[in-house]
Amino acid sequence: MVTIYDIAKKTGYSVTTVSKALNNYADVSQKARKTILDAVEEMGYLPNSHARTLTTKKSWTIGVIFIESLGIGMKHPFFSSVIESFRKNVEMLGYDLLFASRMINNQQKSYLEQFKYRGVDGVVIVSSLFNDKQVKELMESTIPTVVIDLHSSESAVVKSDNFDGSYKAVNYLYSLGHRAMAHIAGHATTFAGQERLNGFLTSTKSLGLDIKDEYIVDGNYFSREGGYEAMKKLLALPKLPTAVYAAGDELAIGAMQAIKDSGYSVPEDFSIIGFDDIDIAQFVNPPLTTIRQNTDVLGKEAAELLLHQINSRQKVNDSIVVPVELVVRESCKALVQTESSPS
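Now for a quick tour of the structure. (Residues numbered from 1 in each chain as written. Predicted model: local features only at pLDDT ≥ 70, side-chain atom pairs only at ≥ 80, totals over all residues. Heavy atoms only, no water.)

## Looking at the sheet that holds strand β11 (residues 271-276)
Argument step 1. With mixed pairing, six strands are arranged side by side in an open sheet as β9-β8-β10-β11-β12-β14. Only two strands of the sheet have a single neighbouring strand rather than two, namely β9 (216-218) and β14 (325-327). Neighbour-to-neighbour, the strand axes of this sheet turn through a mean angle of 20 degrees, independent of strand direction.
Argument step 2. Relative to strand β12 (residues 289-292), β11 runs parallel, the two sharing four bridges. Across the sheet, F275 pairs through a bridge with I291, a residue of β12.
Argument step 3. Seen against the sheet, helix α9 (residues 191-206) touches β8 (181-185), β9, β10 (243-246) and β11 and runs at an angle of roughly 165 degrees to β8.
Argument step 4. Strand contacts of helix α11 (residues 249-261): β8, β10, β11 and β12, with the helix running at about 155 degrees to β11, the strand carrying the most contacts. (Pairing = 2+ DSSP bridges. Helix = DSSP H or I, 4+ residues; strand = E, 2+ residues; numbered from the N terminus. Axes fitted to C-alpha atoms, helices over the stretch in contact; angles between N-to-C directions. Contact = heavy atoms within 4.5 Å.)

Pasting the structure below:
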């Protein structure tokens, strides 16, 4: 069996340095850390978990809370991609993930009770809802936490720049000559839904556009069904918009289907732009123009922010905003000769 002494001998570093690198201490250079971790992988070193727990006074387990409103769990394309990125970044340093269950010994327990019972070192919270009381209780506790896709003053936060994403979407449609823009919004109880709606309203106002109240339709919880029903409402209006910005790709795909079912086409009759850039967005017909969230960076930043708290034994409420980008495909059409977007 490969030991920590074998790793030290192979790399030329001291046992102390090897131990610090394996335990993600900050006072190890990137060069040393990479050399040691490469040797660990090459030699198949597996630390004794019980001994490691006694030595480091850590459980090497990170709790995961995953909350979304559609009931599809980890099949949700955006959240599953973020969690996968987070997993890769913490597992390479020896951490395991524990997904929350509110049942302990057949008794209903809160998230906080669950994670105290399991002795996790920290918790990553993936949620779009403001009002889960148990999540709030956990964020206000002493357990290190990082929350993804939500704003909080009690926890470290990693989120996409939803507001700027709306600006990019609106300015792109404006540059194509569209003035009658509609918005299929995410539910008002979701952070992303509110941020993207605020970005839409602010950016259209800055461009001097008068957006009719009926051009803003609730798409519910970012589902295709929500997008379909919202688009049906827009299609029933006496004066139709020329472009629709949907707060999520699933909403946009549902809207595209409603357009086709009503005898219209995309982008000839309506330009559609989404948000997320989930995998299927490039394969729908026509391929969807959208705002891309960088799920790899979201997961990586969340991992680093949580591990910093665990290793420093100090909870923080830092906030990291990850930029988004416009991905132009074929679902939008220019109405007039293209003009430059305002700065």
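The rest of the description comes next.
## Details of the pattern of salt bridges
Argument step 1. Across all of its chains, the model carries 13 salt bridges by this definition.
Argument step 2. Between K10 and E42 there is a salt bridge; the shortest N-O distance is 3.5 Å. Here the residue K10 occupies a position in helix α1 (residues 4-11), and E42 occupies one in helix α3 (residues 30-43), the gap between them amounting to 32 residues.
Argument step 3. Note that K34 and D38 form a salt bridge whose closest N and O atoms lie 2.8 Å from each other. With K34 and D38 both in helix α3 and four residues apart, the pair spans about one turn of that helix.
Argument step 4. On the basis of relative accessible area, D38 is assigned to the partly exposed category, the value being 37%.
Argument step 5. By sharing partners, the salt bridges in this structure join D277, R292, E325 and R329 into a single network. (Salt bridge = Lys/Arg side-chain N within 4 Å of Asp/Glu carboxyl O. Buried < 20%, exposed > 50% of the residue type's maximum accessible area, 1.4 Å probe, protein only.)

## Things to note about the environment of S265
Argument step 1. Structurally, S265 can be placed in the loop between α11 and β11.
Argument step 2. With 66 residues separating them in the primary sequence, S265 and S331 have C-alpha atoms 9.7 Å apart.
Argument step 3. Residues in contact with S265, not counting those within four places in the same chain, are I259 and F270.
Argument step 4. A distance of 3.2 Å separates the side chain of S265 from the side chain of E268, its partner in a polar contact. (Polar contact = N/O pair within 3.5 Å; in protein donor to acceptor, adjacent residues only side chain to side chain.)

## So, the nonpolar core
Argument step 1. Of all hydrophobic cores here, the largest spans 47 residues; its most connected members are M181, I184, M231, L234 and I272.
Argument step 2. Looking at this core element by element, the count peaks at seven residues for α11.
Argument step 3. By size, the runner-up hydrophobic cluster in this structure holds 40 residues, among which are A32, L37, F66 and V124. (Core = buried A, V, L, I, M, F, W, Y, C linked by side-chain atoms within 4.5 Å.)

## Some words on the sheet that holds strand β7 (residues 156-160)
Argument step 1. Strands sit in the order β2-β1-β5-β6-β7-β13 across an open sheet of six strands; the sheet is parallel. Edge strands, defined here as strands with exactly one partner in the open sheet, are β2 (96-99) and β13 (319-322). For this sheet the average axis-to-axis angle between neighbouring strands, irrespective of direction, equals 20 degrees.
Argument step 2. Looking at chain direction, strand β5 (residues 122-127) and strand β6 (residues 145-148) are connected through four bridges and run parallel. Paired with I125 across the two strands is V147, which belongs to β6.
Argument step 3. Against the sheet, helix α5 (residues 77-91) touches β1 (61-67), β2, β5 and β6, its axis set at about 175 degrees to β1.
Argument step 4. Sitting on the sheet, helix α6 (residues 111-118) touches β1, β2 and β5, and the angle it makes with β1 is about 160 degrees.

## Quick look at the side chain of R196
Argument step 1. With respect to the helices, strands and loops of the structure, R196 is situated in helix α9.
Argument step 2. On the basis of relative accessibility, which here comes to 2%, the residue R196 falls in the buried class.
Argument step 3. Residues in contact with R196, not counting those within four places in the same chain, are N162, S166, H183, F222, Y245, A247, G248, F275, D276 and Q293.

## A look at the packing of α1 against α3
Argument step 1. Packing of α1 against α3 brings their axes to within 10 Å, and their N-to-C directions diverge by 120 degrees. Taken together, the axes of α1 and α3 lie oblique to each other. For the crossing formed where α1 meets α3, the hand is right-handed. Residue-level inspection shows D6, I7, K10 and T11 of α1 in contact with α3, the latter providing T35, I36, A39, V40, E42 and M43. (Parallel < 35°, antiparallel > 145°, perpendicular 65-115°, else oblique. Left-handed = near helix turned anticlockwise from the far one by under 90°.)

## Looking at the layout of surface pockets
Leftover empty space is mapped by rolling, across the atoms, a probe with the size of a water molecule.
Argument step 1. Quantified by volume, the second largest pocket comes out at close to 480 Å³.
Argument step 2. Lining the second largest pocket are 17 residues, with N24, Q30, R33, L93 and E304 sitting closest to its centre.
Argument step 3. Secondary-structure elements contributing two or more residues to the lining of the second largest pocket are α3 and α12 (295-312).
Argument step 4. For the lining of the second largest pocket, the element with the highest residue contribution is α12, accounting for seven residues. (1 Å grid on protein atoms, 1.4 Å probe; cavity = no way out; pocket = protein on both sides within 12 Å on 5 of 7 lines; lining within 4 Å. Points joined across faces, edges and corners; volume = space filled by probe spheres on them.)

## Considerations on α11
Argument step 1. Between its first and last C-alpha, α11 extends 18 Å over 13 residues, near the 18 Å set by a 1.5 Å rise per residue.
Argument step 2. For α11, the tally of buried residues reaches 10 of 13 residues, placing the bulk of the element in the interior.
Argument step 3. Its buried side turned inward, α11 meets α5, β8, α10 (224-235), β10, β11 and β12.
Argument step 4. Of the residues one or two after α11, G263 is the one with positive phi, at around 90 degrees. (Expected span 1.5 Å × (residues − 1).)

Read these as spatial facts, not as claims about activity.
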